[in-house]
Amino acid sequence: MKRTLIALGLAVCTASVWAQSAKTAEQPAINIEVNVLDPVKGDTPAGHIRVTQSDYGLVFTPELKGLPAGLHGFHIHQNASCAPLEKDGKLVAALAAGGHWDPEKSGQHGFPWQKDAHLGDLPALTVNADGTATNPVLAPRLTSLEQIKNHAIMIHVGGDNHSDTPAALGGGGARLACGVIK
């Protein structure tokens, strides 16, 4: 009798895990191919970011490699392009992506949950010592995959303090990697 109950318990647990993984596999998602930017030598593939919907907002799950270790600014940008453009006589990586996505015209950079900030502000992306990024981040104000289509996702050099002070746009640096959200 004891063995039967244990076997039945294991069967229920296995069925539950299988059902949850099947639910996750069926979940709508967007896969964004990301490239490390080099407007002179050409971009190189860095992997992808999978975006899924959750009850708490959109989840951005990176599978990236070849990035500098540390925290990096991570944002959705206005335009669906990662092309370089010329600015002040110099070619600038992914300048065609435009600025941070700000459909409500808040005009300020902030935390991903802050209602009076760019809608494209995401939590900082953590890159491990080996150059990989695999930790998912949650964007609570973004609620549907349709909402983010036809924009670019950008990884910046350096961290992000989610403020415009003491430096604009969180103090992050140059555009490091980019992908178009289709």
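Note that this is a predicted model, so its numbers are computed, not measured.

Here the focus is the overall build of the chain. Per the secondary structure count, the chain includes two helices and eleven strands. Secondary structure elements of the chain occur, N-terminal to C-terminal, as α-β-β-β-β-β-β-β-β-β-α-β-β. Across the 182 residues in the chain, those meeting the buried criterion constitute 36%. Roughly 10,100 Å² of accessible area belongs to the chain as shown, and the carbon and sulfur atoms make up 58% of that amount.

Moving on, we get to the sheet that holds strand S11 (residues 175–181). Strand order in the open sheet formed by seven strands is S5-S10-S11-S1-S2-S3-S9, with antiparallel pairing between adjacent strands. Among the strands making up the open sheet, the edge pair consists of strand S5 (74–77) and strand S9 (137–139). The average angle at which neighbouring strand axes cross in this sheet is 25°, direction not considered. In terms of strand pairing, strand S1 (residues 29–36) meets strand S2 (residues 44–54) through eight bridges, oriented antiparallel. The residue bridging Asn-35 from the neighbouring strand is Pro-45, located in S2.

In this section: the state of the cysteines. Under the criterion given, the structure shown has one disulfide. What pairs with Cys-82 in a disulfide is Cys-178, and their sulfur atoms sit 2.0 Å apart. Negative torsions about the S-S bond denote left-handed disulfides, and the value of about -75° found for Cys-82 with Cys-178 makes this one left-handed. Here Cys-178 lies in strand S11 and Cys-82 lies in the loop between S5 and strand S6 (85–87), a separation of 96 residues in the sequence. Across the pair, Cys-178 and Cys-82 agree in class, each one buried.

Position of Leu-122 among the secondary structure elements: in the loop between strand S7 (90–92) and strand S8 (125–127). In the structure, Leu-122 is positioned 31 residues away from Ile-153 in sequence and 9.8 Å away in space, judged by C-alpha atoms. Discounting residues that sit within four places of it in the chain, Leu-122 has contacts with Phe-60, Phe-74, His-75, Ile-76, Pro-112, Ala-139, Leu-142, Ile-153 and His-162.

By size, the foremost hydrophobic cluster in this structure holds 29 residues, and its most contacted members are Val-51, Phe-60, Leu-64, Phe-74, Leu-142, Ile-148 and Ile-155. Take this core: its biggest share by element is four residues, from S1. For Ile-148, the contacting residues outside a window of four places in its chain are Ile-30, Val-51, Leu-58, Phe-60, Ile-76, Trp-101, Leu-142 and Ile-181. By size, the runner-up hydrophobic cluster in this structure holds eight residues, among which are Ala-93, Ala-97, Met-154 and Cys-178.

What follows covers the environment of His-156. In this structure, His-156 sits in strand S10 (residues 151–156). Residue His-156 is classed as buried on the basis of its relative accessible area of 7%. In this structure, His-156 is in contact with His-72, Gly-73, His-75, His-77, His-100, Gly-173, Ala-174, Arg-175 and Leu-176, ignoring residues within four places of it in sequence.

Reading guide: rules and limits
Residues numbered from 1 in each chain as written. Predicted model: local features only at pLDDT ≥ 70, side-chain atom pairs only at ≥ 80, totals over all residues. Heavy atoms only, no water. Helix = DSSP H or I, 4+ residues; strand = E, 2+ residues; numbered from the N terminus. Buried < 20%, exposed > 50% of the residue type's maximum accessible area, 1.4 Å probe, protein only. Areas by Shrake-Rupley, 256 points an atom, 1.4 Å probe, with all protein chains shown as cover. Pairing = 2+ DSSP bridges. Axes fitted to C-alpha atoms, helices over the stretch in contact; angles between N-to-C directions. Disulfide = S-S within 2.5 Å. Contact = heavy atoms within 4.5 Å. Core = buried A, V, L, I, M, F, W, Y, C linked by side-chain atoms within 4.5 Å.

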